[in-house]
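What follows is each chain in one-letter form.
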Amino acid sequence: MHLTAEIEPAVSRLAGTIATQSRPKSPSAHLIKGGRQSQLFIPNGSRLYAVAGDIEQRISRALDAGDEAELQDLLVRCGLSAPDYVDSTPLESPRLYALSLAIAQKCNMGCTYCYADQGSFGGQAKSMSLETALRAIDLLMDECPEGEKVQLTFLGGEPLANRKALTEATAYAVSKAEKKKIKVGFSITTNGTMVTEADAGFFEEYGFAVTVSLDGIGKSHDLQRPMKGGKGSFDLIMKNLGPLLAMQGKMQVSARVTVTPRNLDLPVMLDEFIRMGFHSVGFSPLLRSMNGRDEMGKEELSVLLENMIACGLNFEKSVLAGKRYPFLNMVNALKEISKGTHRPYPCGAGAGYMGVSADEELFACHRFVNEDEGKMGNLSDGIDATLQNNWLSSRHVGNQSPCTQCWARYLCGGGCHHEVIAKGRLSCDYIRAWLHYTIQAHERLSRLAPGWNM
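Keep in mind that this is a model prediction, so the values were computed, not measured.

Criteria and thresholds
- Residues numbered from 1 in each chain as written.
- Predicted model: local features only at pLDDT ≥ 70, side-chain atom pairs only at ≥ 80, totals over all residues.
- Heavy atoms only, no water.
- Helix = DSSP H or I, 4+ residues; strand = E, 2+ residues; numbered from the N terminus.
- Buried < 20%, exposed > 50% of the residue type's maximum accessible area, 1.4 Å probe, protein only.
- Lys, Arg positive; Asp, Glu negative; His and termini not counted.
- Salt bridge = Lys/Arg side-chain N within 4 Å of Asp/Glu carboxyl O.
- Polar contact = N/O pair within 3.5 Å; in protein donor to acceptor, adjacent residues only side chain to side chain.
- Contact = heavy atoms within 4.5 Å.
- Pairing = 2+ DSSP bridges.
- Axes fitted to C-alpha atoms, helices over the stretch in contact; angles between N-to-C directions.
- pLDDT = per-residue confidence, 0-100.
- Parallel < 35°, antiparallel > 145°, perpendicular 65-115°, else oblique.
- Left-handed = near helix turned anticlockwise from the far one by under 90°.
- Nonpolar A, V, L, I, M, F, W, Y, C, P; charged D, E, K, R; others polar.
- Phe/Tyr/Trp six-rings, centres within 6.5 Å; stacked < 30°, edge-to-face > 60°.
- Core = buried A, V, L, I, M, F, W, Y, C linked by side-chain atoms within 4.5 Å.

Trainee: Tell me about the side chain of arginine 409, and name the residues and values.
Mentor: Inspection of the secondary structure puts arginine 409 in helix α13 (residues 409-412). Although arginine 409 is buried, it forms no salt bridge, and the closest oppositely charged side chain is aspartate 84 at an N-O distance of 7.2 Å. At 2.8 Å, the side chain of arginine 409 forms a polar contact with the backbone oxygen of proline 27. Looking at arginine 409, its side chain comes within polar contact range of the main-chain oxygen of cysteine 406, at 2.7 Å. Once residues within four sequence positions are removed from consideration, arginine 409 is found in contact with Pro27, Pro43, Arg343, Val397, Cys403, Thr404 and Gly414.

Trainee: Describe the sheet that holds strand β2 (residues 38-42), naming the residues involved and giving the relevant values.
Mentor: Spatially, the three strands line up as an open sheet ordered β1-β2-β3, and their pairing is antiparallel. Strand pairing shows two members of the sheet lacking a second neighbour, β1 (30-32) and β3 (47-51), which therefore form its edges. Each neighbouring strand pair of the sheet contributes to a mean axis angle of 30°, computed without reference to strand direction. Looking at chain direction, β1 and β2 are connected through three bridges and run antiparallel.

Trainee: Quick rundown of the confidence of the model for the protein chain? Include the residues and the values.
Mentor: The predicted model of the protein chain has a mean per-residue pLDDT of 94, with 96% of residues at 70 or higher. The low-confidence segment residues 1-7 (pLDDT under 50) makes 17 contacts with residues lying over four places distant or belonging to another chain.

Trainee: Give me the packing of helix α2 (residues 53-65) against helix α3 (residues 68-77): which residues, what numbers.
Mentor: Helices that pack against each other are described as a pair by the angle of their axes relative to one another and the distance between those axes. Across the interface, α2 lies against α3 with an axial gap of 9 Å and an inter-helix angle of 155°. The angle between α2 and α3 places the two elements in the roughly antiparallel class. When you trace α2 past α3, the crossing you get is left-handed. Contacts between α2 and α3 involve Arg58, Ile59, Ala62 and Leu63 on the former and, on the latter, Glu70, Leu71, Leu74 and Arg77. A breakdown of the residues in the contact of α2 with α3 according to their chemical character gives five nonpolar, no polar and three charged.

Trainee: An account of the packing of aromatic side chains is needed here, citing residue identities and associated values.
Mentor: Summed over the entire model, instances satisfying the criterion amount to 13 aromatic pairs. Pairing phenylalanine 186 with tyrosine 206 gives two aromatic rings, centres 6.3 Å apart and planes at 80°, and the pair type is edge-to-face. Placement of phenylalanine 186 in strand β7 (residues 183-190) and of tyrosine 206 in helix α6 (residues 197-206) is noted, with a sequence separation of 20 residues between them. Under the relative-accessibility criterion, phenylalanine 186 is labelled buried at 3%. In this structure tyrosine 206 comes out as partly exposed when scored by relative accessible area, which is 24%. Judged by centre distance (5.6 Å) and plane angle (40°), the rings of tryptophan 434 and tyrosine 437 are tilted. With a gap of three residues between them, tryptophan 434 and tyrosine 437 both fall in helix α15 (residues 428-448), about one helical turn apart.

Trainee: Lay out the nonpolar core in plain terms, naming residues and giving numbers.
Mentor: Residues Phe154, Leu214, Phe273, Phe278, Phe283, Phe315 and Phe327 are the most contacted members of the largest nonpolar core, which totals 101 residues. If you tally residues by element for this core, the top one is helix α10 (residues 298-320), at 10 residues. Excluding its chain neighbours within four sequence positions, the residues that come into contact with phenylalanine 327 are Leu270, Val281, Phe283, Met308, Cys311, Gly312, Phe315 and Trp434. If you look at the next biggest cluster of nonpolar residues, it comprises 12 residues, including Leu40, Ile42, Ile59 and Leu71.

Trainee: Which residues make up helix α11 (residues 328-338), and what values go with them?
Mentor: All of the buried residues along α11 are Asn329, Met330, Val331, Ala333, Leu334 and Ile337. Tucked inside the fold, the buried residues of α11 contact β3, β10 (280-285), α10 and α15. One or two positions beyond α11, positive phi appears at glycine 340, with a value near 65°.

Trainee: How would you summarise helix α9 (residues 266-276) if you had to cite specific residues and measurements?
Mentor: When α9 is considered as a whole, its buried residues turn out to be Leu266, Pro267, Met269, Leu270, Phe273 and Met276. Buried-residue contacts for α9 involve α8 (234-247), β9 (252-259), β10 and α10. Downstream of α9 by a residue or two, glycine 277 has a phi angle that is positive, lying close to 105°.

Trainee: Residues and numbers for the packing of helix α1 (residues 9-21) against α10, please.
Mentor: Contact pair α1 / α10: the axes reach a minimum separation of 9 Å and the direction vectors enclose 110°. For the element pair α1 / α10, the angle class is roughly perpendicular. Where α1 approaches α10, its residues Val11, Ser12, Leu14, Ala15, Ile18 and Ala19 are matched on the opposing element by Leu305, Glu306, Ile309, Ala310 and Leu313. Its residues placed into classes, the contact of α1 with α10 shows nine nonpolar, one polar and one charged.

Trainee: Account for the environment of asparagine 329, naming residues and giving values.
Mentor: When you line up the elements, asparagine 329 lands in helix α11. For the pair formed by asparagine 329 and serine 280, sequence separation is 49 residues and the distance between their alpha carbons is 9.4 Å.

Trainee: Give a detailed account of the side chain of serine 46, specifying residues and quantitative values.
Mentor: Among the structural elements, serine 46 can be located in the loop between β2 and β3. There is a polar contact of 2.4 Å between the side chain of serine 46 and the backbone oxygen of threonine 341. With residues near it in sequence (within four places) discarded, serine 46 still touches Phe41, Gly340, Thr341, His342, Tyr410 and Leu411.

Trainee: Which residues make up the pattern of salt bridges, and what values do they have?
Mentor: Scanning the entire structure with this criterion turns up 24 salt bridges. Glutamate 371 is paired through a salt bridge with arginine 288; the nearest N and O atoms lie 3.6 Å apart. On the criterion of sequence distance, the pair formed by glutamate 371 in the loop between β12 (361-363) and β13 (375-378) and arginine 288 in the loop between β10 and α10 is long-range, its members being 83 residues apart. Comparing glutamate 371 with arginine 288, the two get one shared label, buried.

Trainee: Residues and numbers for the environment of arginine 23, please.
Mentor: Relative to the elements of secondary structure, arginine 23 occurs in the loop between α1 and β1. Once the C-alpha coordinates of arginine 23 and glycine 413 are considered, the two residues, 390 residues apart in sequence, prove to be 17 Å apart. Once residues lying within four places of it in the same chain are set aside, the contact partners of arginine 23 are His30 and Trp407.

Structure, rendered in structure tokens:
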């Protein structure tokens, strides 16, 4: 395994140091060095405090010794103890605020790792009927209070394989939202091979967040995301995206990269996609594929960390130079740290967010479509409260091991449910190290570029 030429040896050493320092020593506190002052991260409430001198040394000794009693005593004497911000009580029957529609359970591509089994989710290729889409929208909106907002996402397969239902469902959702005096946001994840200039106008009119799956530049992308006949797709996608990238106003076009052992040159990709005009660029490691191909292991995740930190350092340099650098992973992490995010779940899956299949079944999210583990009811009978609440109880981070002993548990929320259920917790070291680095970066940027806009 080799780093790309863009990764300096110093970055590799930094990543190794961070990986070591980020290992959990206590569920109650985590010490982060590397700035002008060390920071103490308190998981309870995701609180950050600058520490120095004798207090820092005593906390460091207690952490190194695993002396939880001494650590708790220090936190109390420093005024850093507090009632639990997150307790063990799970959510119960929360209101639905977002749905993803598997509007087309079919695809024209033959990606090597597809979690949706080439778009069909392990069943027969099919399209969602317009009637089903409208019923799903009714479920989403009927209980939404006036003045609130809902989110509707179109996924597949390739959602534009069912363009007519998608466009008509969007118009219906807008009309219904206006009548109910609520707001509705739209998003779509597409492979880009079927996008037209007319689609660009449609997405701009309705203010879509458009996410395009791109796994590299040119051949790097084509190796992982060929058409079903084996032909490359990158050139076609970039030709199709021209009108979207040029038209961005209400619409925002982002690139999402699925990272495998074969496309770890993240700094190169990030700079090139930013140059192309994408509103943001994000990376997601492949931890679980239907066929087991191209999954990331421990070694690859270590290389990923080095590349992610290299991208993060480029982000920091750009911010300090007053330049926009839309590295989505970094932006999101810094926002979570800034607002002190403390959550018992990694996302809204099975809570306020669910996925709808073409067969009118409800699932915890789009990744669980046609999988028993994530069933949540159907459009005819609605959300099954027993299934939902059992899920919310079992998936609470306080019921996850080894999460209860991890300092990052309320920033992470326990990791992607779909990946954890299928593959276990392979990425914990990577997640902790990435969060450790971004907390360091947050301190530097807050000190050197106060008021910078995320």
